[in-house]
Amino acid sequence: MRGLALEGGGAKGAFHVGALQAFFDRGITFDAVTGTSIGALNGAMIAQGDFETLKMLWTNAAISKVADVDDAEFDKLMSGDYDRSLVKYLVKKAREVISSRGMPIDKLKSIVDKYIDEDKLRASKIDYGLVTVAVSNGWEPMELFKEDVPEGLLKDYILASAYYPLYNRPEIGGKRFLDGGIYNNCPISPLVRKGYSDIVAIRTGSRMPMRGVIDRSVKVTYVIPSESLGGTVDLRKSHVEYNMKLGYFDALRALDKLGGFRYYIEPMEVAEAMSFMLNLRESAFSDLSDVLREKGPRNTIFAHAFAVAHAELDLPDKFGAVETMTAILEEAARIHGVEKFKIYTLNDFLKEIKSRLDTPPSGSVTKSYEMAVAVLRHIDV
């Protein structure tokens, strides 16, 4: 049985939608969905069979639809465009929040009331679960499936899963709750405990706690953002659209085992990739040596280059030589504005970068970029 876990992250939830589109396009469905915070809301709509409606909601998302905030002033805030009117507006909003003892949750509640159908969700063959924290019960973490929630209160508990501390949070049955992200922001283990052995976890890059998988024999496929999804409240249209597209392609990376760190490259055999590096011309190593100001044999130059790239590009520790070299080349692609949302062969990717190298980059460049250029100048594609 296949389960789906959706990590919390506010506006970053747009990433879920793009990623799920990739799975559904492949005919991959889920027997259960769990989520925390925005993951609980997105998950409820998936479980009740309303994915197309969920897409529509995100496509038309705006901060004014979930909070009493002016879209134009919010856009200025997110863009760092501070002026006198924005400062006055922020002071006014701060006073309103203080006097109301938190931000009103009315607009978010109206979305839940309108789009979540408790009867439909309970009747669905897709299992559904959420995470919240009962503050009144000694900060008790609650990982609940729909059958655990009292009748008539499922919408309230979905909302409670997203109770940010900043909100003016209504009680449920005389009890106070808080966002489930403070306990388990990506609820994989509740699915494991229920017997799901094939799980897809769609992350958002959140720094909130995530409980470890309780059974290592369970297959977990992670869809991880290849770049930051931005702030938890950034609902600017262009930002939401970008994160949905990012989710789609990052899911394809997970599904098709695509190479690349920031870009999407068709899989290569490790032997082919290693051969590519080992067959670099001596002139390429000479230029690399000059960039790094390091002398020595190939393995010494490679080791120094990879250490610089790991530190500069914040690469995962698990990245080996092939992944690190690809990330170095991707840095040149990024700086020269190579289209990100496309699946490349390695040869086509290198051609695309090389075709732009004669155009000087605007702004400052990184040492990784300089290393990439040193290598690319000596590759025939």
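Below is a summary of the structure that appears in this document. What you see is a predicted model; the values in this text were computed from it and never measured.

1. Details of the packing of aromatic side chains
Thinking step 1. Inspection of the entire model under this criterion finds 13 aromatic pairs.
Thinking step 2. With 5.9 Å between their ring centres and 55 degrees between their planes, Phe 23 and Phe 30 make a pair best called tilted.
Thinking step 3. By relative accessible area, which is 2% here, Phe 23 ends up buried.
Thinking step 4. When the centroid spacing of 6.3 Å and the interplanar angle of 65 degrees are considered together, the rings of Phe 24 and Phe 30 count as edge-to-face.
Thinking step 5. Given a relative accessible area of 6%, Phe 30 falls into the buried group.
Thinking step 6. Following the ring pairs from residue to residue traces out a cluster consisting of Tyr 242, Tyr 248, Phe 249, Tyr 264 and Phe 341.
Thinking step 7. Above the face of the Phe 145 ring, Lys 194 is positioned so that its terminal group lies 4.2 Å from the ring centre.

2. What to know about the pairing of strand S6 (residues 198–202)
Thinking step 1. Of all 5 residues that make up S6, 5 are buried, and the element is covered over most of its length.
Thinking step 2. Alternating residues of S6 divide into Asp 198, Val 200 and Ile 202 and Ile 199 and Ala 201, and every residue in both groups is buried.

3. A few points about helix H16 (residues 367–376)
Thinking step 1. Extensive coverage of H16 is indicated by the burial of 8 of its 10 residues.
Thinking step 2. For H16, the full list of buried residues reads Ser 368, Tyr 369, Met 371, Ala 372, Val 373, Ala 374, Val 375 and Leu 376.
Thinking step 3. On its buried side, H16 packs onto helix H12 (282–292), helix H13 (298–313), helix H14 (321–335) and helix H15 (346–354).

4. Overview of the environment of Ser 228
Thinking step 1. Secondary-structure assignment places Ser 228 in the loop between strand S7 (219–223) and helix H10 (237–256).
Thinking step 2. Distance in space between the C-alpha atoms of Ser 228 and Phe 349 is 23 Å, their sequence separation being 121 residues.

Each value, and the rule that gives it
- Residues numbered from 1 in each chain as written.
- Predicted model: local features only at pLDDT ≥ 70, side-chain atom pairs only at ≥ 80, totals over all residues.
- Heavy atoms only, no water.
- Phe/Tyr/Trp six-rings, centres within 6.5 Å; stacked < 30°, edge-to-face > 60°.
- Buried < 20%, exposed > 50% of the residue type's maximum accessible area, 1.4 Å probe, protein only.
- Lys NZ or Arg CZ within 6 Å of the ring centre and 35° of its normal.
- Helix = DSSP H or I, 4+ residues; strand = E, 2+ residues; numbered from the N terminus.
- Contact = heavy atoms within 4.5 Å.

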